[in-house]
Amino acid sequence: MKIVSIGRSKSKGTRKTAIEEAVLVADSGLEGDAHAGPHHRQVSFLAMESIRKARAMGLDVSPGDFAENVTTEGIDWMDIPVGTLVRLGDAAIVEISPIGKECHRKCAIYYQAGDCIMPREGLFGRVLRGGTIRCGDPIVIVDRETLVHRRDADGPNS
């Protein structure tokens, strides 16, 4: 399980621009991204496998085209329950929040790409611990109990 692409944008509802690395900020999201802020949808995820399915349906799409911050490979986000903790890279910890989102109207992505799979296959997370993430970094499911014990052992500033 790994990060294959990272993206950010200055406006909501638009495709993301690919970047090689980014900083996830605790209680905010991806630094410099329009979706960052103190809410439960701070960072968005979409599997590369979902993008490949969209391509197989005839859409000309790439990572970031569905406005996801982190495109992944090797993880089926549809099988990850809300509340799961994932570590991105060496340090960042994200708690998975709602899977998908309700679209009240067709956004720019729908019109640019021909469909938007985020409501069906994307999911969101809240950044519990910040850190730098890079393309190619591993994604690891973290046991909440282990994280709590490690934090206690490392001290209050970890």
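Quantities reported herein were computed from a predicted structural model and do not represent experimental measurements.

Rules used throughout
Residues numbered from 1 in each chain as written. Predicted model: local features only at pLDDT ≥ 70, side-chain atom pairs only at ≥ 80, totals over all residues. Heavy atoms only, no water. Phe/Tyr/Trp six-rings, centres within 6.5 Å; stacked < 30°, edge-to-face > 60°. Lys NZ or Arg CZ within 6 Å of the ring centre and 35° of its normal. Helix = DSSP H or I, 4+ residues; strand = E, 2+ residues; numbered from the N terminus. Buried < 20%, exposed > 50% of the residue type's maximum accessible area, 1.4 Å probe, protein only. Salt bridge = Lys/Arg side-chain N within 4 Å of Asp/Glu carboxyl O.

*Asks:* Go over the packing of aromatic side chains, please, and point to the residues and values.
*Replies:* Each aromatic ring pair is described using two quantities: the centre-to-centre distance and the angle formed by the ring planes. As enumerated under the stated definition, the model contains 1 aromatic pair in all. The aromatic ring of Phe124 is capped on one face by Arg41, whose charged end is 4.7 Å from the ring centroid.

*Asks:* Could you give an account of unusual backbone geometry, naming the residues involved and the relevant values?
*Replies:* For Asp27, which is not glycine, the phi torsion reads 60° and is therefore positive. Structurally, Asp27 is set in the loop between strand S3 (21-25) and strand S4 (29-30). The residue Ala67 is not glycine, and still its phi comes out positive at about 70°. Relative to the assigned elements, Ala67 resides in the loop between helix H1 (48-56) and strand S6 (70-73). Judged by relative accessible area, Ala67 falls into the buried class, the value being 9%.

*Asks:* Could you give me a rundown of the pattern of salt bridges, with the residues and numbers involved?
*Replies:* Tallied over the entire structure, the rule returns 7 salt bridges. The partner of Glu21 in a salt bridge is Arg134, and the shortest N-O contact between them spans 3.1 Å. Of the two residues, Glu21 is situated in strand S3 and Arg134 in strand S10 (residues 131-134); the sequence distance between them amounts to 113 residues. Arg126 serves as the salt-bridge partner of Glu95, at 2.6 Å between the closest nitrogen and oxygen. Taken together, the positions of Glu95 in strand S8 (residues 92-99) and Arg126 in strand S9 (residues 123-129) put the pair 31 residues apart, joining distant regions of the chain. Judged by its relative accessible area of 29%, Arg126 falls in the partly exposed class. Residues joined in a network through salt bridges with shared partners are Glu95, Arg126 and Arg144.

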